[in-house]
Structure formats: structure tokens, C-alpha cells
Amino acid sequence: MAATPIAVITGASSGIGAATARQLAAAGYRVVLTARRKDRIEALAAELTEAGHQAAAYALDVTDRAAVDEFATAFRSLAVLVNNAGGALGADSIATGDPADWRQMYETNVIGTLNVTQALLPALTASGDGTIVILSSTAGLSTYEGGGGYVAAKHGEHVLAETLRLEIVGTPVRVIEVAPGMVKTEEFATTRFRGDTEKAAKVYAGVDAPLSADDVADTITWAVTRPSHVNIDLLVVRPRAQASNSKVHRTL
């Protein structure tokens, strides 16, 4: 009997990462959950195991290359890597933005993705049918005011995906980029505004049905489970109420 395929999901402690772990587990993958918050991923692994799925938790900071390399030694073969760890900090203008925020966003979104991808690429290749998912953002495709640091980081992640696909074509590994638009999760906007729930709420005010974490996880799972010869190079997913990063229909 064939071994259960393994999927590693970074940033699996909440939001899109946790939702993706649930959906890939339901699709038949043994999911390995990574994030800095050990308690969160251990609770999710227990939830999935109780539901009859295969799941394991591993506390990991994707910006710590030595820790990532140590984590990678556990895998001789790997079916799926979902690079979800990332996030935004602040919404300041270029003139007033904090360079420390820019640096942290670049380290997490770009260098973190690079670290994990480099470390696990041999195992993905060894599987004979590997898939790398890079969760970028529509911010990586077009700019908007007040988003300079996040936009720059997500552009970097987008280019990483495009370049990697060129460089490994001909190997048994697909590179899928999923770029969501407005997604309402329990933490993204709150983290961006450093716990200011009022500012976070204004992001979604009057928007009829922004995307949910489950919507994006469903998109990721669909792309991953296409036949091996089918590569979803770039999939942009937005709520119907959002036409672009700067054009959102609000009922207010």
C-alpha cells in the first residue's frame, strides 16, 4: 500500500494556514503543521487526529535558517509544501514608514519562504511528484497607497515563485502561486495595526462577504489536487465586492 502523502504547511497556527491544514488533511494528506506558536499547532494537530486524520505539529520560525534546516532532515520525501507564513505590519506612507517593519515583512514573507523552499526542495524532488505552493497576495501584483512595505515584500515573493518555476522546469515539482485579495481572518488586520481592533474593523467595513480563510484554503487544495501534469501557475482570488486593490464596493 502506498504511503500517505505528506504536506507541510507553514504559518499553520491560525487563519489561512490552519484552514489549509484542515482541508488538506480531509483530502488525504498527512499534514505537518509549523508555526512559532507551539500551543496553537499542537491543539490543531490534536483536533485533526481526533477527527481521524494524520497530523503532527512542529514549532518553527521560518526566518531561523538553522532551525529550518534541522526541521528538513525529517523528510526524505515530501508531496506538498504550502508556504503560508507571512503577514503585514503597518499602513504608513513611504515617507513615514518604519524600516524595521519593512525588514520584518521582507524577512518573514520572502526570506522565510526562501529558507523553507530551499531546505525542502530535495525531499519534494525525491517524491517524484512534488508541489510547492507560495501564498502571495494581490499586493504582489499591484500597488496601493499605505502598503509600500507589504507590497514590496509580496512582489518579492511573487518573483521568487516565477523564477523558481523557470529554474526547476523539467523536474517533478510544480510551483503554484495563489494570490488572494481581501481576506477577513481573525488576525491579519489586527496584527497589521498592532492590536487596534477599531482600525482592523474599518478594513472590512461595508464590504459584502470578503473572502474567508476557508475560501482561500479551498482554492489552495483545489490547485494542489489537480492531476500531476497540470500546473496552476498563478491563481488570483478576490471577493466579488473587490475589483482591485484600490476598488472595493462598500455599502456604507
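Note that the structure is predicted; figures quoted are calculated from it, not measured. (Residues numbered from 1 in each chain as written. Predicted model: local features only at pLDDT ≥ 70, side-chain atom pairs only at ≥ 80, totals over all residues. Heavy atoms only, no water.)

Draft legend 1. Region of the structure containing the side chain of S13. By secondary structure assignment, the location of S13 is in the loop between β1 (6-9) and α1 (15-26). Taking the relative accessible area as the measure of exposure, S13 reaches 14% and is therefore buried. (Helix = DSSP H or I, 4+ residues; strand = E, 2+ residues; numbered from the N terminus. Buried < 20%, exposed > 50% of the residue type's maximum accessible area, 1.4 Å probe, protein only.)

Draft legend 2. Here's a closer look at a nonpolar patch on the surface. Taken together, the side chains of L141, L234 and V236 present a nonpolar region at the surface, about 210 Å² in accessible area. Relative to the helices and strands, L234 is located in strand β7 (residues 234-237). (Patch = residues over 30% accessible without salt bridge, like charges linked within 9 Å, V, L, I, M, F, W, Y side chains within 5 Å. Areas by Shrake-Rupley, 256 points an atom, 1.4 Å probe, with all protein chains shown as cover. Salt bridge = Lys/Arg side-chain N within 4 Å of Asp/Glu carboxyl O.)

Draft legend 3. Representation of helix α5 (residues 148-168) in the model. With 21 residues, α5 should reach 30 Å at 1.5 Å per residue; the first-to-last C-alpha distance of 30 Å fits that figure. Turning to α5, its buried residues number three or more, namely G149, Y150, V151, A153, K154, E157, H158, L160, A161, L164, R165 and I168. Where α5 is buried, its residues contact β4 (80-83), α4 (99-126), β5 (130-135), β6 (173-180), α6 (188-192) and β7. Just past α5, the residue G170 takes up positive phi, approximately 100 degrees. (Expected span 1.5 Å × (residues − 1). Contact = heavy atoms within 4.5 Å.)

Draft legend 4. Structural detail: the nonpolar core. With 36 residues, the main nonpolar core has I9, L24, Y29, V31, L33 and I220 as its most contacted residues. Ignoring anything within four residues of it in the chain, the contact list for I220 reads I16, T20, V82, V133, L135 and V178. In this structure, A72, I132, L164 and V173 belong to the second largest nonpolar core, which totals 33 residues. (Core = buried A, V, L, I, M, F, W, Y, C linked by side-chain atoms within 4.5 Å.)

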